[in-house]
Amino acid sequence: MRAALIWAALAAAILLPLAQAGTSPLLQWRQPIYIAAGLAGVLALGLLLVQPLLVAGALPGLSGLRGRRVHRLVGGLLLLTVVLHVGGLWLTSPPDVIDALLLRSPTSFSVWGVAALWALMLTAVVATRRRQIPPRVWRMGHAALAGIAVGATVIHALLIEGTMDLTGKVALGGAAIAATGWALWHLRRRIWPRGRP
């Protein structure tokens, strides 16, 4: 029963904001590519909630090695959703995306979006170098970059007046930050075992 409740809560936390965004009146006159790009961004935020829960072994049936494997798969899916988000916006408005990537955009949400993009990409690069980096350094670097990616993504989402309503943004973004903070708090034991500086 507890496992079912956890999975149901996670599904609701992700699917309700996604459904609300998909039915937003602001999408009424938008191109399908733009709509898909926006929804990919909402899904990416949802996946940022899943990742720390997998790391912490909080999802029933997905702890230990199985959880780490799913964490890698979800990480790949997260990268795909971000590529779809940025790529779709590029196809619908190349000048805006260029301005954002070159940090010339007058909108602050663009700056946070680019910061989130780079933090996420660096997180993925560090993830692929696990065997070449000392374990403690790897965990610290991967965790720090992931934390930056989550924080920047949530700020990016909150600053945009778009398809997600404020309640959905606050709920999903808050859940992602809380889960990330909780996972980082538990991860500290692996980085600094008791009795070591």
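The structure under discussion appears in the preceding block.
Figured I'd write up the structure that's included with this text.

About the criteria used
Residues numbered from 1 in each chain as written. Predicted model: local features only at pLDDT ≥ 70, side-chain atom pairs only at ≥ 80, totals over all residues. Heavy atoms only, no water. Helix = DSSP H or I, 4+ residues; strand = E, 2+ residues; numbered from the N terminus. Rg over C-alpha atoms; globule rule 2.2 N^0.38 Å. Buried < 20%, exposed > 50% of the residue type's maximum accessible area, 1.4 Å probe, protein only. Contact = heavy atoms within 4.5 Å. Areas by Shrake-Rupley, 256 points an atom, 1.4 Å probe, with all protein chains shown as cover. Lys, Arg positive; Asp, Glu negative; His and termini not counted. Charge placed at Lys NZ, Arg CZ, Asp CG, Glu CD. Core = buried A, V, L, I, M, F, W, Y, C linked by side-chain atoms within 4.5 Å. Phe/Tyr/Trp six-rings, centres within 6.5 Å; stacked < 30°, edge-to-face > 60°. Lys NZ or Arg CZ within 6 Å of the ring centre and 35° of its normal. Salt bridge = Lys/Arg side-chain N within 4 Å of Asp/Glu carboxyl O.

Moving on: the overall build of the protein chain. In terms of regular secondary structure, the protein chain is built from 7 helices and 0 strands. Tracing the protein chain from N to C terminus, the helices and strands come up as α-α-α-α-α-α-α. Over its C-alpha atoms the protein chain spans a radius of gyration of 17 Å, differing by no more than 12% from the 16 Å that the globule rule assigns to 197 residues. Counting only C-alpha atoms and orienting by the principal axes, one finds that the protein chain spans roughly 60 × 45 × 25 Å. Evaluated residue by residue, the protein chain yields a buried proportion of 34% over its 197 residues. Residue pairs at least 24 apart in sequence account for 72% of intrachain contacts in the protein chain once pairs closer than 6 positions are excluded. Total accessible area on the protein chain stands at roughly 11600 Å², and carbon and sulfur atoms take up 70% of it. Positive and negative side-chain charges of the protein chain, numbering 18 and 4 respectively, have mean locations separated by a distance of 32 Å.

This part is about the nonpolar core. Counting 28 residues, the largest nonpolar core has Leu-10, Leu-49, Val-50, Leu-59 and Leu-78 as its most contacted members. Within the residue set of this core, elements represented by two or more residues are helix 1 (2–22), helix 2 (32–55), helix 3 (64–92), helix 5 (108–128), helix 6 (135–159) and helix 7 (166–191). With residues near it in sequence (within four places) discarded, Leu-10 still touches Leu-49, Val-50, Leu-53 and Leu-59.

Quick look at the packing of aromatic side chains now. A full pass over the atoms with the stated rule returns 0 aromatic pairs. Lying over the aromatic face of Tyr-34, Arg-30 brings its terminal NZ or CZ to 4.1 Å of the ring centre. Above the ring of Trp-138, the side-chain terminus of Arg-130 is found at 4.3 Å from the ring centroid.

What follows deals with the pattern of salt bridges. The full count for this structure, using the stated rule, is 1 salt bridge. Of the charged contacts in the structure, one is a salt bridge between Arg-104 and Asp-99, with a shortest N-O distance of 2.9 Å. Look at Arg-104 and you get exposed, because its relative accessible area is 52%. Of the residues examined, Asp-99 reaches a relative accessible area of 24% and is grouped as partly exposed.

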